[in-house]
Amino acid sequence: MTDAMQPQRIRLHIVTGAAVLGTFVAGCGTGGAGENKHTAVPRTSASRTPAGASLTEAQAKAIFANYQKVNNQANAKVSDELLRSNETGPMLEVDLTANKRIRAKQEKKIPAFYYRNAKFFIPRGTSPAWFAVTGTSTLGGGTELLIFVDAGGGTYKATTGPWLAKGQRFPAIARNPDGSATAVTTGAALGVGVELCDYLTATALNKRPAAGFAPGPLTSQLGKSWAKSVLKTNGGMRWSGGTAWKTRPQPVYALKTTDGGALVVSISTQSETYTAIRPDVWFQPDSAFFGLGPKRYYSKFTGDRLWEFATHVPPTGPSAVLASAAHPISATGN
């Protein structure tokens, strides 16, 4: 299977609607929101007191315009320095990794692109201050949800940006009389990332996941695709292993929606780990990991992807995972 490629932010952003299979070969090394209706455990997001300074929309637009300018410069120069001046957190982590793959000639440079139809959502009174932007890329036409955070001294940097899945749409974001958005800072909805990781991991292991998510390309279909991948890798009795998702410690960003729920952006890591059963085999992981480690593994392989998810958590009913991006970040083994 191959990755379904989404438009690029600054590097290749891969959203797997189907799991990616490594190649396993026999031989001698020659020749793959508010309050959740199910629980009321309080959680805390990136929006916390004391309040940070609020931006005007004009200021946010200027930050976004500068981001796009520096973004294209970084693309053209494959510059880590420019990335660090423009990004932070998960986005910086994955794009520095992508630069490594480009230098290893395992990924192509990204041509210049911009965003159309940008919409800004600026919460008031958050600390650190942050805002969200949705925009349609001129390179491929996909829609991205970008989060910009005050990285210190009023300098805003992009920190995450999942892409809207085909056939999905973002819910309406609630607006205050002054046009500002409302950050969701407490409540069980902020734990949806943990629940999603448990759901995907269970599905990939062919176990019955807990209820709470609507079926779709980033829930039932994604988990089942990975279950097939694991079964194929383990089925020949050459390799044994599987895959699991786990939430990352990065902040959770959430906005109140007009239905009283929340749109939540969360970060997780998917680890794919396999160990050889026989001594006469080798394993070739998905090509997305090339440049991060060797192309062949003879006794053990672990590959990590960083996932960005955007999930609509309504006041009642199942949550819907609407947007995602997946990025290879490491490959280890021997």
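Note that the structure is predicted; figures quoted are calculated from it, not measured. (Residues numbered from 1 in each chain as written. Predicted model: local features only at pLDDT ≥ 70, side-chain atom pairs only at ≥ 80, totals over all residues. Heavy atoms only, no water.)

**Q** Hey, could you go over helix 5 (residues 220-235) for me, with residue numbers and the actual values?
**A** Along its 16 residues, helix 5 runs 22 Å from first to last C-alpha, staying within 8% of the 22 Å computed at 1.5 Å per residue. Burial in helix 5 covers these residues: Ser220, Leu222, Gly223, Ser225, Trp226, Ala227, Ser229, Val230 and Thr233. Backbone geometry just downstream of helix 5 places methionine 237 in the positive-phi region, at approximately 55°. (Helix = DSSP H or I, 4+ residues; strand = E, 2+ residues; numbered from the N terminus. Expected span 1.5 Å × (residues − 1). Buried < 20%, exposed > 50% of the residue type's maximum accessible area, 1.4 Å probe, protein only.)

**Q** Account for helix 4 (residues 192-204), with residues named and values stated.
**A** For helix 4, which comprises 13 residues, the first-to-last C-alpha distance of 18 Å matches the rise-based estimate of 18 Å (1.5 Å per residue) to within 8%. Within helix 4, 10 of the 13 residues are buried, leaving the element largely enclosed by the surrounding structure. Among the residues of helix 4, those classed as buried are Val192, Gly193, Leu196, Cys197, Tyr199, Leu200, Thr201, Ala202, Thr203 and Ala204. Where the residues of helix 4 are buried, they touch helix 5, strand 9 (239-247), strand 11 (262-276), strand 13 (300-313) and strand 14 (320-333). Just downstream of helix 4, asparagine 206 is the residue with a positive phi angle, here 60°. (Contact = heavy atoms within 4.5 Å.)

**Q** Which residues make up unusual backbone geometry, and what values do they have?
**A** Along the chain, serine 127 connects to proline 128 via a cis peptide bond; the corresponding omega equals 0°. Inspection of the secondary structure puts proline 128 in the loop between strand 4 (115-121) and strand 5 (130-137). Positive phi outside glycine occurs at lysine 105, with the angle close to 60°. Structurally, the position occupied by lysine 105 is in the loop between helix 3 (89-103) and strand 4. Here the phi dihedral of asparagine 206 falls at roughly 60°; this positive angle occurs in a residue that is not glycine. By relative accessible area, asparagine 206 is classed as exposed at 60%.

**Q** Give a description of the pairing of strand 14 that names residues and reports values.
**A** Counting buried residues along strand 14, 10 of its 14 residues qualify, which places the element largely inside the surrounding structure. Relative to strand 14, strand 8 (residues 163-164) is paired through two bridges, and the arrangement is antiparallel. Bridged to tryptophan 163 within strand 14 is serine 324. Bridge count for strand 13 against strand 14 is 12 bridges, and the pairing is antiparallel. Paired with arginine 305 across the two strands is proline 328, which belongs to strand 14. Hairpin remark: strand 13 followed by strand 14, antiparallel, with six residues in the connecting loop; positive phi at glycine 317, about 90°. (Pairing = 2+ DSSP bridges.)

**Q** Outline the pairing of strand 13, listing residues and values.
**A** The element strand 13 is extensively covered by neighbouring structure, given that 13 of its 14 residues are classed as buried. The pairing of strand 11 with strand 13 spans 14 bridges and is antiparallel. Counterpart to threonine 273 in the pairing with strand 13 is threonine 302.

**Q** Give me the nonpolar core: which residues, what numbers.
**A** Leu200, Trp245 and Val264 are the most contacted members of the largest nonpolar core, which totals 24 residues. Taken together, the elements giving at least two residues each to this core come down to helix 4, helix 5, strand 11, strand 13 and strand 14. Among the elements that line this core, the one with the most residues is helix 4, at six residues. Setting aside anything within four residues of it in sequence, one finds leucine 200 in contact with Leu218, Thr219, Leu222, Gly223, Trp245 and Phe309. Tyr67, Tyr115, Phe148 and Tyr156 belong to the second-largest nonpolar core, a separate cluster that totals 20 residues. (Core = buried A, V, L, I, M, F, W, Y, C linked by side-chain atoms within 4.5 Å.)

**Q** Describe the pattern of salt bridges, naming the residues involved and giving the relevant values.
**A** Across all of its chains, the model carries eight salt bridges by this definition. In this structure, a network of salt bridges that share partners links the residues Glu272, Asp286 and Arg305. (Salt bridge = Lys/Arg side-chain N within 4 Å of Asp/Glu carboxyl O.)

**Q** Got a sec to walk through the packing of aromatic side chains? Specific residues and values, please.
**A** In the structure shown here, the tally under the stated rule is 17 aromatic pairs. Judged by centre distance (5.7 Å) and plane angle (45°), the ring pair of phenylalanine 131 and tyrosine 156 falls under tilted. Here phenylalanine 131, found in strand 5, pairs with tyrosine 156, found in strand 7 (residues 156-160); they are 25 residues apart in sequence, far enough to count as distant. On the basis of relative accessible area, tyrosine 156 is assigned to the buried category, the value being 11%. Judged by centre distance (5.6 Å) and plane angle (75°), the rings of phenylalanine 289 and phenylalanine 301 are edge-to-face. With phenylalanine 289 in the loop between strand 12 (281-284) and strand 13 and phenylalanine 301 in strand 13, the pair connects residues that are 12 residues apart, well separated along the chain. Judged by its relative accessible area of 1%, phenylalanine 289 falls in the buried class. Judged by its relative accessible area of 0%, phenylalanine 301 falls in the buried class. In this structure, arginine 296 packs its charged tip against the face of tryptophan 282, placed 4.0 Å from the ring centre. (Phe/Tyr/Trp six-rings, centres within 6.5 Å; stacked < 30°, edge-to-face > 60°. Lys NZ or Arg CZ within 6 Å of the ring centre and 35° of its normal.)

**Q** I'd love a proper account of the confidence of the model for the protein chain, names of residues and values included.
**A** Reading predicted coordinates in detail is not appropriate for stretches of low pLDDT. Here the protein chain shows a mean pLDDT of 87. Residues at 70 or above account for 84%. Taken together, the stretch residues 23-45 has pLDDT below 50 and engages in 81 contacts with residues farther than four places along the chain or on a different chain. pLDDT under 50 marks residues 47-52. Its contacts with residues more than four places away, or in other chains, come to 15 contacts. (pLDDT = per-residue confidence, 0-100.)

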